[in-house]
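These are the residues of each chain, in order.
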Amino acid sequence: MSLTTMLVRRYSKQATLSSLAKSLTDLKVEPTIKSKHPTKPARTRFAPSPTGFLHLGSLRTALYNYLLAKSTGGKFILRIEDTDRTRLVSGAEQNIFEVLKWCGLKLDEGPKSGGKYGPYRQSDRKEIYLKYANILLESGLAYKCYCSKERLTGLRISARRLKPPTTVTYDRECFDKRKRRVELPHVIRFKSPDKYPPFHDLLHGELNLQPQYNEKDRRYDDFVILKEDGMPTYHFANVIDDHFMKITHVVRGEEWLPSTPKHIALYNAFGWTPPEFIHIPLLTSLEDKKLSKRQGDLNIFELRDAGVLPEALINFVALFGWAPSRGLGEKFNEVMGMSDLIKNFSIDQLTKGNAKVDRSKLLYFNKMHIKRKFENNRELAELVDNHYPSFSMYSTEPRAYFTKLLKYMSSSLTTLNNLDEKIRTTYLHLYEKFDYSEFKVPCEDTKKILEFALKNGFEQTIDELTSTGIKKTDILKSYRFALVGNQPGMTIPQIMELLGDEEVEQKITRALEYL
Ligand code: GLU
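Given the structure is predicted, the values throughout are model-derived calculations rather than measurements.

Peer 1: I'd love a proper account of the site of the ligand, names of residues and values included.
Peer 2: Close to the ligand lie Arg45, Ala47, Ser49, Glu81, Tyr234, Asn238, Arg252 and Trp256. Within the side chain of tyrosine 234, an N or O atom sits 2.7 Å from an oxygen atom of the ligand. At a separation of 2.8 Å, an oxygen atom of the ligand approaches a polar side-chain atom of arginine 252. Protein chains bury 83% of the 290 Å² of accessible surface belonging to the ligand in isolation.

Structure (structure tokens):
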């Protein structure tokens, strides 16, 4: 059961039937009447709370917001939602900046780069929230609440015990006694409407989510908008900021669906038009279970350190719940760089079902992107500079040699680290005078093969010796033994081209001396 269906069930019986029916029709191929992808430049935002390091799920949210903005010629904004001071994790904000940068999600506006609608860190916007909370107070749409923690806990417990129980717990005691003394510590609550208005989600369609009430003991969903310390709550700050930052589309995880009616009610209270909402499905493991810590919560930089290219990660993450449009039965090329993603991205192809994360796919994408990068000389040159500065320590040969070597190696690599090691050993074995006694002599005929090879060229050796009954693989293995001490990776002709005739001859001679 999808989260949406579950929520609809929980929130309103009436809504359940209609929404379920709608979901069912939606599952069938929708007649392609009209694209929902915006035609005007969209302003989107990624609004993380610095309460932990970015993981796959939040990276996907950021990416979809970025793609939506860039595919429409719009703007991508970063807003740091740091009003819950108790949950801040040190280093988390820095991690957000670094991950976005590494992944190539360039910010048009944000806490560091600034912008017309800043500040972009919520803790720097306290006055704005206070001003708008006061506007709601004055219009009677919000009220001060002085209830003690103990009283509120008691209300929560009693609400849970009701039959049926209710998740909205407050009894509006402070609304009814509004004439209290103002200097006492208090929070500000929003006076929620009796019925939340239905709202539209571009992915899920019309949704009508209502809390469940118990009419015998009526409680109210009067959520706090300003806390005792003057900080806004998530709901309030989110609405104020999306409005003033002129956000046109909010792409966020499905876990925020139950909050959306509250947000809509706030927009209505101010007389503002809400942005469009797109709630994207949860990420699950292949078995459709919630992602475990290891699978989903992994720190993005652990992947980088393991030799994953950002292009591969972005490609992998983009396909969690989206695929480019294609004709019936038509395949698409899954390997896409950022510009392909921007070109192909449309919200029409977002999927509603949970997105399953298959880690093995990441290595496949990595392999493909390594190959792609190596085919582009400029990108390859950059990679040599950034990723393999240490090669210079072995290097007496010109840089062109490394580049060539990298190109030859590319098809046998799944990660850059894998490359690092492989290329180092291959390089060493190509250029250092390694000790043959460390390697296994590949076959009985190796000596005979190499003696022949020394006097004749590679092709001739293959042609003539195979006609005497020696196996081609034994010839190749003997060459490999002599040239690179059995190191796998490149083909023999590639190795020979890199070494040059003279070096090949010297190596074969040395191998023969050993044999
Ligand atoms: N700060 C929220 C988060 O951490 C933002 C949710 C939203 O996009 O509205 O995910």
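Back to the text.
Peer 1: So what about the environment of leucine 100? Which residues, and what values?
Peer 2: Along the chain, leucine 100 turns up in helix 4 (residues 92-103). Separated by 46 residues in the primary sequence, leucine 100 and leucine 54 place their C-alpha atoms 9.4 Å from one another.

Peer 1: Tell me about helix 14 (residues 359-375), residues and numbers included.
Peer 2: An α-helical turn contains 3.6 residues, so a residue and the one three or four places further along point in the same direction. In a regular helix each residue adds 1.5 Å, so 17 residues correspond to 24 Å; helix 14 covers 25 Å between its end C-alpha atoms and thus fits that length. Taken together, the buried positions of helix 14 are Leu362, Phe365, Asn366, His369, Ile370, Lys373 and Phe374. Viewed end-on, helix 14 has its buried residues packed into an arc of 165°, placing them on one side of the element.

Peer 1: Which residues make up the packing of aromatic side chains, and what values do they have?
Peer 2: Tallied over the full model, the rule gives 20 aromatic pairs. Between phenylalanine 236 and phenylalanine 270, the aromatic rings sit 6.4 Å apart at their centres with planes inclined by 35°, giving tilted as the arrangement. Within this pair, whereas phenylalanine 236 is found in helix 8 (residues 234-244), its partner phenylalanine 270 is found in helix 9 (residues 260-270), the two being separated by 34 residues in sequence. We classify phenylalanine 236 as buried; its relative accessible area is 0%. A relative accessible area of 16% places phenylalanine 270 in the buried class. Centroid distance tyrosine 436 to phenylalanine 481: 5.3 Å. Interplanar angle 50°. Geometry classified as tilted. Residue tyrosine 436 is found in the loop between helix 17 (416-431) and helix 18 (446-455), and its partner phenylalanine 481 is found in helix 20 (residues 472-484); the two are separated by 45 residues along the sequence.

Peer 1: Give me the lowdown on the pattern of salt bridges, citing residues and values where you can.
Peer 2: If you walk through the whole model with that rule in mind, you get 24 salt bridges. Between aspartate 340 and arginine 372 there is a salt bridge, with its nearest N and O atoms 3.1 Å apart. One end of the pair, aspartate 340, is in helix 13 (residues 338-344); the other, arginine 372, is in helix 14, and 32 residues separate them in sequence. Given the relative accessible area of 17%, aspartate 340 is considered buried. Each of Arg45, Arg79, Glu81, Arg125, Asp241 and Asp242 takes part in one network of salt bridges that share partners.

Basis of the calculations
Residues numbered from 1 in each chain as written. Predicted model: local features only at pLDDT ≥ 70, side-chain atom pairs only at ≥ 80, totals over all residues. Heavy atoms only, no water. Near = heavy atom within 4 Å. Polar contact = N/O pair within 3.5 Å; in protein donor to acceptor, adjacent residues only side chain to side chain. Areas by Shrake-Rupley, 256 points an atom, 1.4 Å probe, with all protein chains shown as cover. Helix = DSSP H or I, 4+ residues; strand = E, 2+ residues; numbered from the N terminus. Expected span 1.5 Å × (residues − 1). Buried < 20%, exposed > 50% of the residue type's maximum accessible area, 1.4 Å probe, protein only. Arc of directions from axis to C-beta. Phe/Tyr/Trp six-rings, centres within 6.5 Å; stacked < 30°, edge-to-face > 60°. Salt bridge = Lys/Arg side-chain N within 4 Å of Asp/Glu carboxyl O.

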